[in-house]
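Structure at a glance
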Amino acid sequence: MCVAYPGKIININGDHANVDFAGSRVKINISMVDAKVGDYVLVHAGMALQKMKQEEAESLTNLFTEVNETTNES
Amino acid sequence: MNPEQQSRRKAMADYLKSYSGRPLRLMEVCGTHTSMLYRTGVRALLPNEINMLSGPGCPVCVTPTNYIDKLVEYSFKANTCVLSFGDMLSVPGSETSLLGARARGGHVDFFYAPEQALDRAEKEPETTFILAAVGFETTAPVWVSVVDAVLKRKLRNVKLLTALKTMPFAMDTLCATGKIDGFLCPGHVAVIIGSEAFRPLAEKWGRPMVVGGFTAELLLAALARLVHESSCGRGGLWNEYPSYVRPEGNQKAQAAIARVFQPGNACWRGLGVLRCSGLYLRGKYAQLDAGSYGLDDDHLPDGCRCGDVLTGDINPRQCPFFNQKCTPDHPIGACMVSSEGACRIYCVEGEISK
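Glancing now at the overall build of chain A. Secondary structure assignment for chain A yields 1 helix and 5 strands. Helices (α) and strands (β) of chain A occur, in sequence order from the N terminus, as β-β-β-β-β-α.

Have a look at this one:
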């Protein structure tokens, strides 16, 4: 039930926004995030829970290095 | 996918496939994780040494039967209609499910997003709508916005029967059993409460807690991290879903939840009543409550092992009813009903030989 999908904000009207999910546009509630047009937000049951941040690359690269080291050791 | 991502994904997959250290019992707490581990094919990669247990992270599955019974009772009251997420409709109560109630003339309907229910309530002022407010921290902000909208729109015919629960308490109880080596923490709960919310558990119990996302790549990363740290015997917190999970979570949502709800005891199937693990309407919002306190009785049908499935004590295939007496078409226990219930996922998503 905690399913959530990322979508892009197309336009904003007060507490609500139209969000594009791979071509489908859906009106959602954005009152829990400080978002602007163009932001990607994670949406659950009609509500944006968080804005996306480009951070995963670095953390994944670190893990990749560690895992590679472990694999090489064993 | 760029070449770098591709080689990263392959390295994670190879690492997991070739793991041959001590056997690990790892729990994916969230039902969406259970489902996505199958759908992405990641589960099929894992060797026998990596044993994934499904946890109590399906709200429908952990909701006790007398909550369903109360909704069923409401559905037969005059000028009353019960509205719920679709997942909840087939969950058996002690006599019948909401769908069963509807077949016998009860007033039951479903919504995709709870806000839809309010438009209907406005159009039908003579009917009292009882909203089945089920969920974890992920869904709690959605219910906050519903409650705010009910008051703002002055809808006098909407009430909530809440069964909202908070995850860290359940995980603490599971840690105390000592049977689980590490946790894949519920990613969308973490979006709200923050990855740091799991650190006290990691430190108290010396277990690795890894916050993970839901795509193949994110699942591989989170599991590689979890296996790596568990096999080294390292406790701690790792966030492998930083694109949406901040250390502090969504503070605006947390403040909204704290404004509308207060903690109270809640009954979890398989875990019993856990102190302060539920959320109940507080203060002026309590006028919208439809009698949510004290729904602590859980009557599983004779022989149903849902409780043991939800704590990871057995896997669904070890239940004698699994895919025999209890099937997705004719579920006996809640874990066979919900699309996030472990039994249904094991049944529908495939036959992996373990």
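Additional details are given in the paragraphs that follow.
Residues and elements named next belong to chain B. Across the interface, helix α8 (residues 140–152) lies against helix α13 (residues 251–260) with an axial gap of 9 Å and an inter-helix angle of 55°. Between α8 and α13, the crossing angle belongs to the class labelled oblique. For α8 against α13, the interelement crossing comes out left-handed. Counting all contacts with α8, which are made through Ala140, Pro141, Val144 and Val147, the residues of α13 involved are Ala253, Ala256, Ile257 and Val260. The residue inventory of the contact of α8 with α13, partitioned by class, reads 8 nonpolar, no polar and no charged.

Let us now look at the sheet that holds strand β7 (residues 182–185) of chain B. Residue and element names in this part refer to chain B. The strand order β2-β1-β7-β8-β9 describes an open sheet built from 5 strands, whose pairing is parallel. Pairing within the sheet leaves two strands with one partner each, and these edge strands are β2 (50–57) and β9 (236–239). On average, adjacent strands in this sheet sit at an angle of 20° to one another, irrespective of strand direction. Across 3 bridges, strand β1 (residues 24–30) lies against β7 in parallel orientation. Residue Met27 lies in a different strand from β7, and its bridge partner there is Phe183.

Here we come to the pairing of strand β11 (residues 272–281) of chain B. Every other side chain in a regular strand lies on the same face of the sheet, so the side chains alternate between the two faces. Residues and elements named next belong to chain B. Taken together, the 2 bridges between strand β6 (residues 158–165) and β11 define a ladder with antiparallel strand orientation. Bridging across to β11, Lys165 finds its partner in Gly278. As paired strands, strand β10 (residues 261–268) and β11 are joined by 7 bridges and run antiparallel to one another. Each residue of the ladder has a partner; that of Pro263, found in β11, is Leu279. Between the antiparallel neighbours β10 and β11 lie 3 residues, among them Gly270 with a positive phi of about 90°.

This brings us to the nonpolar core. Counting residues in each nonpolar core, the largest one holds 139 residues, and the members touching the most others are A:Ala48, B:Leu16, B:Leu71, B:Leu131, B:Leu184 and B:Leu223. Ranked by residue count, the leading element in this core is helix α12 (residues 216–231) of chain B, at 9 residues. Apart from the residues lying within four places of it in its own chain, the contact partners of B:Leu71 are B:Val82, B:Leu98, B:Ile130, B:Ala132 and B:Leu161.

Atomic detail in the predicted coordinates should be set aside for any region of low pLDDT. For chain A, mean pLDDT is 83; residues scoring 70 or higher make up 72% of the total. Confidence, read as mean pLDDT per element, is least for helix α1 (residues 56–73) of chain A in chain A (59) and greatest for strand β5 (residues 47–51) of chain A (96).

Let us now look at the environment of B:Gly341. All names here are of chain B. Structurally, Gly341 can be placed in the loop between α14 (306–310) and α15 (342–349). Assessed through the 30 C-beta atoms surrounding it within 10 Å, Gly341 is described here as buried. Between the C-alpha atom of Gly341 and that of Gly135, which follows or precedes it by 206 residues, the distance is 14 Å. Residues contacting Gly341, with those up to four places away along its chain left out, are Gly31, Cys58, Cys61, Ala334, Cys335 and Met336.

Glancing now at the sheet that holds strand β3 (residues 80–85) of chain B. Residues and elements named next belong to chain B. Strand order in this open sheet of 6 strands is β4-β3-β5-β6-β11-β10, and the pairing throughout is mixed. Across the chains shown, the open sheet's two edge strands, defined by having one partner strand only, are β4 (108–111) and β10. Mean inter-strand twist for the sheet, computed between neighbouring axes without regard to direction, equals 30°. In the packing of helix α5 (residues 65–75) onto the sheet, contacts are made with β3, β4, β5 (128–135) and β6, and the angle to β3 comes to roughly 140°.

Conventions and cut-offs
Residues numbered from 1 in each chain as written. Chains lettered and ligands numbered in written order. Predicted model: local features only at pLDDT ≥ 70, side-chain atom pairs only at ≥ 80, totals over all residues. Helix = DSSP H or I, 4+ residues; strand = E, 2+ residues; numbered from the N terminus. Axes fitted to C-alpha atoms, helices over the stretch in contact; angles between N-to-C directions. Parallel < 35°, antiparallel > 145°, perpendicular 65-115°, else oblique. Left-handed = near helix turned anticlockwise from the far one by under 90°. Contact = placed C-beta atoms within 7 Å. Nonpolar A, V, L, I, M, F, W, Y, C, P; charged D, E, K, R; others polar. Pairing = 2+ DSSP bridges. Core = buried A, V, L, I, M, F, W, Y, C linked by C-beta atoms within 7 Å. Buried ≥ 20, exposed ≤ 12 C-beta atoms within 10 Å, placed from the backbone. pLDDT = per-residue confidence, 0-100.

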